[in-house]
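Take a look at the letters that make up each chain.
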Amino acid sequence: MSPRTVPSVSWPSSKAIIARRESAPLHSQIANLIRDDIEDGRLQPGDRLPPEAQLADHFGLSVAPVRQALLSLVNESYLERRQGDGTFVLAKVVAQVSMLSGLTEADAAHLSGAELEVLSQQVKRSKDALGQLCLAGQKVFMLRRIARIGATPVALLSEYLDPLRFPGIDRLKFRGRSLYRTLAELYGTRVTSSACELDLVRASRDEAVLKLAPASLLLRVTSTTYAEDEVVEYAEILYRTEGFRLQFESLNTPSGVVKVPTEAADRLN
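Basis of the calculations
- Residues numbered from 1 in each chain as written.
- Predicted model: local features only at pLDDT ≥ 70, side-chain atom pairs only at ≥ 80, totals over all residues.
- Heavy atoms only, no water.
- Phe/Tyr/Trp six-rings, centres within 6.5 Å; stacked < 30°, edge-to-face > 60°.
- Helix = DSSP H or I, 4+ residues; strand = E, 2+ residues; numbered from the N terminus.
- Buried < 20%, exposed > 50% of the residue type's maximum accessible area, 1.4 Å probe, protein only.
- Lys NZ or Arg CZ within 6 Å of the ring centre and 35° of its normal.
- Pairing = 2+ DSSP bridges.

Undergrad: Could you clarify how one ought to interpret the packing of aromatic side chains in this entry?
TA: Per the stated rule, a full pass over the model turns up three aromatic pairs. Taken together, a centroid distance of 6.1 Å and an interplanar angle of 35° make the contact between Tyr 160 and Tyr 234 tilted. One end of the pair, Tyr 160, is in strand S6 (residues 152-161); the other, Tyr 234, is in strand S9 (residues 230-240), and 74 residues separate them in sequence. In this structure, Tyr 160 and Tyr 234 share a single accessibility class: buried. Measuring from ring centre to ring centre gives 5.2 Å for Phe 166 and Tyr 187, while their planes differ by 80°; the resulting arrangement is edge-to-face. Taken as a pair, Phe 166 in the loop between S6 and helix H4 (179-187) and Tyr 187 in helix H4 lie far apart in primary sequence, 21 residues in all. In this structure, Arg 82 is placed above the aromatic ring of Phe 88, and the distance from its NZ or CZ to the ring centre is 3.8 Å.

Undergrad: Before we go on, may I ask you to explain the pairing of strand S1 (residues 79-82) in this structure?
TA: Each regular strand carries side chains that alternate between the two faces of the sheet. In the sheet, S1 pairs with strand S2 (residues 86-89) via four bridges, with the strands oriented antiparallel. When the bridges of S2 are listed, Arg 82 appears paired with Gly 86. In sequence, S1 turns back onto S2 through a hairpin of three residues, with Gly 84 there showing a positive phi of about 75°.

Below you can see the structure in the form of structure tokens.
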């Protein structure tokens, strides 16, 4: 079935007005209008938007702010550009997230169906406090990876371990390798639990690999991972929030300890 092209007579609405005198830039106003229509369901997944020139004519603007607005929504995973075919609203895909399922292939990102790519791994001098992780020396092993679902980057992982506690870990190849399974199989250390804190932060240049607009909001999860009572890892995970809806679920374990085991993300894909 061919994609539905949104007729200009019904979308954008005649009530969709761009105010030249507002302090908000023109491209931001256009992006906000389109984003709101996607989230409210007036634009459906798979819809093909009218051409840039047609949108510009509707708003009484030049093509430049329209193009900038569409590109920003592409970066936010609301829209997709297809060479020679047009600009489309992205469909929703559900990605299951488990906060305590570190033995999955998605490791500390806990994203079912995600693929991890190693960005860097190194032993370096530790300058900052790393939660409750206590180092035997002055250096720390850092593993930095990105999680993708399809072609879309969804999370950035930075994981820290004591290289003296896990000798030779910096020489291992972590492409396609589970960190927690490696700890269990090579070092006899089985991860049993983790304690997490969540907050919202603004994206910086260090998170450019997530392909977000400057100063976009990220969900930051910092966690301390345990093997029984021993702290073995400190991690910081940055989840993109644009194009996501996060859901949390709490369960009681047989021991009576309340965990936060699942988190669902609806991604505009």
